[in-house]
Each structure stands twice: as C-alpha cells, then as structure tokens.
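Residues per chain, in single letters:
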Amino acid sequence: PRQSSSDMSMSLLLLALASSSLTLKYFDARGAAEVTRVLLAVGGLEFKDHRYAIGPGFEAPEFKAEKEGGALALNLNRAPLLITDQGAIGQSKAIERYVADVAGLLGKSAIERAQIDMVAEHIR
C-alpha cells in the first residue's frame, strides 16, 4: 500500500527529528516544563531531560552556576530552556508551541489551531 503524502511528510519529519537533538533544561520538578515534557512524549520526540537538582532551602547549585556562566542568558537567566540544533528557546508557552509544531500537533486548520491555543491558554 502506498503512503499518503501527509503520511510520507510526517515520516520524513520524524526521520529528520530523530537526527536532531533536543535538551529541555528545568528543575527536578513538574512546574513550567511539565506540559513540554508531555508534548515531547505524545509527539514521540526524543529529548534529554536535564533536571537541575533542588537541595535544602531550594538551592540549585548547578542552575546557579549555569546562570552565572551565561548559559541561560538568552532566557534572561530563567528556566525552562529548550536547546535545539537550530538554537535555544525560552519561555514555557513558546517552547510548548515549538514542540507542538515540530511534532505535528498544532492542528490542520485555522480553527483547530485556535482551539488548541484556547486549551493551552486555559492550562497556563
């Protein structure tokens, strides 16, 4: 059986993504990165889940070191941060929309995209 053009496009997209790397940086907690983790899993995208350990008094020495070293400067020294082969993306909603787009989860029409955006805004 022949694949439809949309199935073939999705296969090519997934193949291209398999060769790219994604690293999500956030604290060892759900918080602002949890929806992104779910989207990555639902979209079948492999990623490195880099979690900053949180110690007594909510101290996170690795996060502090990366912040002081400029590794988080693009996102104004905040997490979450998604590192891609094309560059880094900060802000949880921007990351979520990027992942949803790459995984083909943004809908097939303007109304579907708007409805997906509506749900995303409700869970913000």
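Computed from a predicted structure; not experimentally measured. (Residues numbered from 1 in each chain as written. Predicted model: local features only at pLDDT ≥ 70, side-chain atom pairs only at ≥ 80, totals over all residues. Heavy atoms only, no water.)

A. Summary view of the overall build of the protein. Scanning the protein for helices and strands turns up 5 helices and 4 strands. Sequence-ordered secondary structure for the protein, helices as α and strands as β, is α-β-α-β-α-β-β-α-α. (Helix = DSSP H or I, 4+ residues; strand = E, 2+ residues; numbered from the N terminus.)

B. Structural context of helix 2 (residues 34-42). Along helix 2, the residues classified as buried are Thr36, Arg37, Leu39 and Leu40. The buried residues of helix 2 occupy an angular sector of 165° when the element is viewed end-on, so they sit on one face. Across helix 2 from its buried face, at more than 90 degrees, point the exposed residues Ala41 and Val42. Residues of helix 2 that are buried sit in contact with strand 1 (23-27), strand 2 (48-52) and helix 4 (92-102). Looking one or two residues beyond helix 2, the residue adopting positive phi is Gly44, at roughly 70°. (Buried < 20%, exposed > 50% of the residue type's maximum accessible area, 1.4 Å probe, protein only. Arc of directions from axis to C-beta. Contact = heavy atoms within 4.5 Å.)

Function cannot be read off these values alone, since they describe shape.
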